[in-house]
Amino acid sequence: MKKKKIVILGTGGTIAGTAASAFDHTGYTAAQVGIEQLVAVIPAFAGSACELLTEQVAQVDSKDMSFAVWARLAVRVNHFLAQADVQGLVITHGTDTLEETAWFLQALLDPGKPVVLTCAMRPATALAPDGPQNMLDAVALASHPGARGVLAVCAGVIHSARDVQKVHTYRLDAFSSGDAGPVGYVEEGRLRLLRNWPETHTGQASTAMKNIALQDDGHNWPRVEIVMNYAGAGAAVVQALVASGVQGLVVAGTGNGTLHHALEAALLQAQAAGVRVVRATRCLEGRVLPKAGNAIPDSQGLSPVKARVNLLLELIT
Ligand code: ASP
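Below or above, wherever it landed, is the structure these notes cover. (Residues numbered from 1 in each chain as written. Predicted model: local features only at pLDDT ≥ 70, side-chain atom pairs only at ≥ 80, totals over all residues. Heavy atoms only, no water.)

### A closer look at the overall build of the chain
For step 1, the next point in the chain: A tally of helices and strands in the chain yields eight helices and 13 strands.
For step 2, the next point in the chain: Its C-alpha radius of gyration of 20 Å places the chain within 12% of the 20 Å reference for a compact globule of 317 residues.
For step 3, the next point in the chain: Expressed as a percentage of the 317 residues in the chain, the buried residues total 50%.
For step 4, the next point in the chain: Relative to all contacts within the chain whose residues are 6 or more apart in sequence, the contacts with residues 24 or more apart total 71%.
For step 5, the next point in the chain: Counting only carbon and sulfur atoms, one obtains 52% of the accessible surface of the chain, whose full area is about 14,000 Å².
For step 6, the next point in the chain: Side-chain charges of the chain comprise 25 positive and 26 negative groups, with the mean position of each set lying 4 Å from the other. (Helix = DSSP H or I, 4+ residues; strand = E, 2+ residues; numbered from the N terminus. Rg over C-alpha atoms; globule rule 2.2 N^0.38 Å. Buried < 20%, exposed > 50% of the residue type's maximum accessible area, 1.4 Å probe, protein only. Contact = heavy atoms within 4.5 Å. Areas by Shrake-Rupley, 256 points an atom, 1.4 Å probe, with all protein chains shown as cover. Lys, Arg positive; Asp, Glu negative; His and termini not counted. Charge placed at Lys NZ, Arg CZ, Asp CG, Glu CD.)

Next comes the structure, spelled out in structure tokens:
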């Protein structure tokens with residue numbers, strides 16, 4: 001019988017990073033090693049039940065993630081999802097913006113097959129790098145019958161695109177799914193699922209959006225920025241952004257999306273001038289619980305960076 005294919009797309013990150021010393025976990029350069037080489041050094045892949053294909057889509061430190069890379073990645077993911085013999089995809093990615101790319105792909109493509117993002121907190125040259133095990137776990141997840149949607153796996157924990165968030169600057173288990181909890185774990189190559197595969201219909205994906213975003217080279221995307229509420233917050237930042245032509249604003253409010261009155265007034269003024277405004281929370285857990293008649297719509301449980309992705313996709317048409 002012909003082996004099913006798993007496609008591994010490389011985008012860079014620490015998983016592809018190199019340092020001068022095997023003991024240096026912070027002073028390294030991300031995005032140096034090609035995806036083919038990263039896969040080749042994992043002996044366990046040699047006897048894989050699936051055929052592994054690799055493609056280098058980008059080679060960036062994900063702190064520098066751009067719309068051009070997102071557009072290219074979406075095109076390639078969409079291409080491989082349409083191949084009948086492709087069982088699933090793995091994407092190697094930096095940890096810094098992994099949650100944004102995961103939600104971008106979920107909201108845009110709403111895939112019925114698994115698209116698994118994975119990463120590393122230590123560079124490939126570390127004495128004990130975490131990237132190879134994360135890659136093995138990602139391939140185990142992408143080959144699992146019935147797995148679907150955009151997922152992330154790091155340190156053996158499976159997260160959904162909607163819930164995943166980087167919460168630690170250094171430790172290997174750097175991600176959390178907050179109060180939703182993880183989807184499950186990968187243990188010795190086997191999955192232990194804690195809940196159903198995430199709901200794949202996000203309501204964001206539409207043919208028009210897909211077509212436009214997929215053809216885009218990233219240069220003409222709308223401008224959507226994030227502002228935050230804090231002690232002493234005022235109107236100046238919002239006013240400057242509106243004056244410079246911003247089309248969308250996500251506000252990371254305090255607590256249940258609360259806003260300093262001066263910031264709120266500026267946001268309402270921006271909204272009245274045609275800027276799309278969405279209210280999220282800067283709290284890591286919980287979600288904004290709206291009241292009927294709230295003037296600024298809430299982010300439906302999305303974090304500020306993911307609410308921004310939704311606004312981008314809505315404005316991209
Ligand atoms: N700055 C790196 C990146 O996001 C960090 C990492 O991958 O852990 O690409």
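Don't stop here, the text continues.
### Quick notes on the sheet that holds strand S11 (residues 224–228)
For step 1, the next point in the chain: Spatially, S11-S12-S13 is the arrangement adopted by the three strands of the open sheet, whose pairing is parallel. Unpaired on one side and paired on the other, S11 and strand S13 (276–281) mark the two borders of the sheet. With strand direction ignored, the average angle separating the axes of adjacent strands in the sheet is 20 degrees.
For step 2, the next point in the chain: Across five bridges, the pairing between S11 and strand S12 (residues 248–253) is parallel. Residue pairing across strands places Glu 225 opposite Leu 249, the latter belonging to S12.
For step 3, the next point in the chain: Of the strands in this sheet, S11 and S12 are in contact with helix H6 (residues 236–243), which crosses S11 at around 170 degrees.
For step 4, the next point in the chain: Strands S11, S12 and S13 of the sheet are contacted by helix H8 (residues 304–315), whose axis makes an angle of about 165 degrees with S12. (Pairing = 2+ DSSP bridges. Axes fitted to C-alpha atoms, helices over the stretch in contact; angles between N-to-C directions.)

### Here we look at the sheet that holds strand S3 (residues 86–92)
Within a sheet, neighbouring strands are paired by backbone hydrogen bonds and run either parallel or antiparallel to one another.
For step 1, the next point in the chain: Strand order in this open sheet of eight strands is S2-S1-S3-S4-S5-S6-S9-S10, and the pairing throughout is mixed. Edge strands, defined here as strands with exactly one partner in the open sheet, are strand S2 (51–60) and strand S10 (190–193). Taken pair by pair, the neighbouring strands of this sheet meet at an average axis angle of 25 degrees, ignoring direction.
For step 2, the next point in the chain: Direction of pairing for strand S5 (residues 149–154) relative to strand S6 (residues 157–160): antiparallel, over a ladder of four bridges. Note that in S6 the partner of Cys 154 across the bridge is Val 157.
For step 3, the next point in the chain: Packed onto the sheet, helix H2 (residues 67–81) meets strand S1 (5–12), S2, S3 and strand S4 (114–118) and runs at close to 165 degrees relative to S2.

### Some details on the pattern of salt bridges
For step 1, the next point in the chain: Summed over all chains, the structure comprises nine salt bridges.
For step 2, the next point in the chain: Two residues, Glu 55 and Arg 76, come together in a salt bridge whose shortest N-O distance is 2.6 Å. Of the two residues, Glu 55 sits in strand S2 while Arg 76 sits in helix H2, which places them 21 residues apart along the sequence.
For step 3, the next point in the chain: A residue is classified by how much of its surface remains accessible, and Glu 55, at 22% relative accessible area, is partly exposed. (Salt bridge = Lys/Arg side-chain N within 4 Å of Asp/Glu carboxyl O.)

### What about unusual backbone geometry?
For step 1, the next point in the chain: Positive phi outside glycine occurs at Ala 155, with the angle close to 55 degrees.
For step 2, the next point in the chain: Mapping Ala 155 onto the fold places it in the loop between S5 and S6.
For step 3, the next point in the chain: In this structure Ala 155 comes out as partly exposed when scored by relative accessible area, which is 37%.
For step 4, the next point in the chain: Phi angles above zero are rare outside glycine, and Glu 188 is one such case at about 50 degrees.
For step 5, the next point in the chain: Mapped onto the fold, Glu 188 is located in the loop between strand S9 (184–187) and S10.
For step 6, the next point in the chain: On the accessibility criterion, Glu 188 (80% relative accessible area) is exposed.

### Here we look at the side chain of Ser 177
For step 1, the next point in the chain: Inspection of the secondary structure puts Ser 177 in the loop between strand S8 (175–176) and S9.
For step 2, the next point in the chain: When residues no more than four places from it in sequence are discounted, the contact partners of Ser 177 are His 159, Ser 160, Asp 163 and Pro 182.

### Brief notes about the packing of H2 against helix H3 (residues 98–109)
For step 1, the next point in the chain: As a packed pair, H2 and H3 sit with axes 11 Å apart at the nearest point and diverge in direction by 50 degrees. Of the possible angle classes, the one that applies to H2 and H3 is oblique. Viewed along their axes, H2 and H3 form a crossing whose handedness is right-handed. Two secondary-structure elements touch here, H2 through Trp 70, Leu 73, Ala 74, Val 77, Asn 78 and Leu 81 and H3 through Glu 100, Thr 101, Phe 104, Leu 105, Leu 108 and Leu 109. (Parallel < 35°, antiparallel > 145°, perpendicular 65-115°, else oblique. Left-handed = near helix turned anticlockwise from the far one by under 90°.)

### Let's talk about the site of the ligand
For step 1, the next point in the chain: Near the ligand the following residues occur: Gly 13, Thr 14, Tyr 28, Asp 61, Ser 62, Lys 63, Gly 94, Thr 95, Asp 96 and Ala 120.
For step 2, the next point in the chain: Within the side chain of Asp 61, one N or O atom sits 2.7 Å away from a nitrogen atom of the ligand.
For step 3, the next point in the chain: Between the ligand and Asp 96 there is a distance of 2.7 Å, counted from a nitrogen atom to a side-chain nitrogen or oxygen.
For step 4, the next point in the chain: When the ligand is considered free in solution it has 270 Å² of accessible area, and contact with the protein chains removes 93% of it.
For step 5, the next point in the chain: When the residues that make up the shell around the ligand are grouped by side-chain class, the tally is two nonpolar, five polar and three charged. (Near = heavy atom within 4 Å. Polar contact = N/O pair within 3.5 Å; in protein donor to acceptor, adjacent residues only side chain to side chain. Nonpolar A, V, L, I, M, F, W, Y, C, P; charged D, E, K, R; others polar.)

Distances and angles like these do not, on their own, reveal function.
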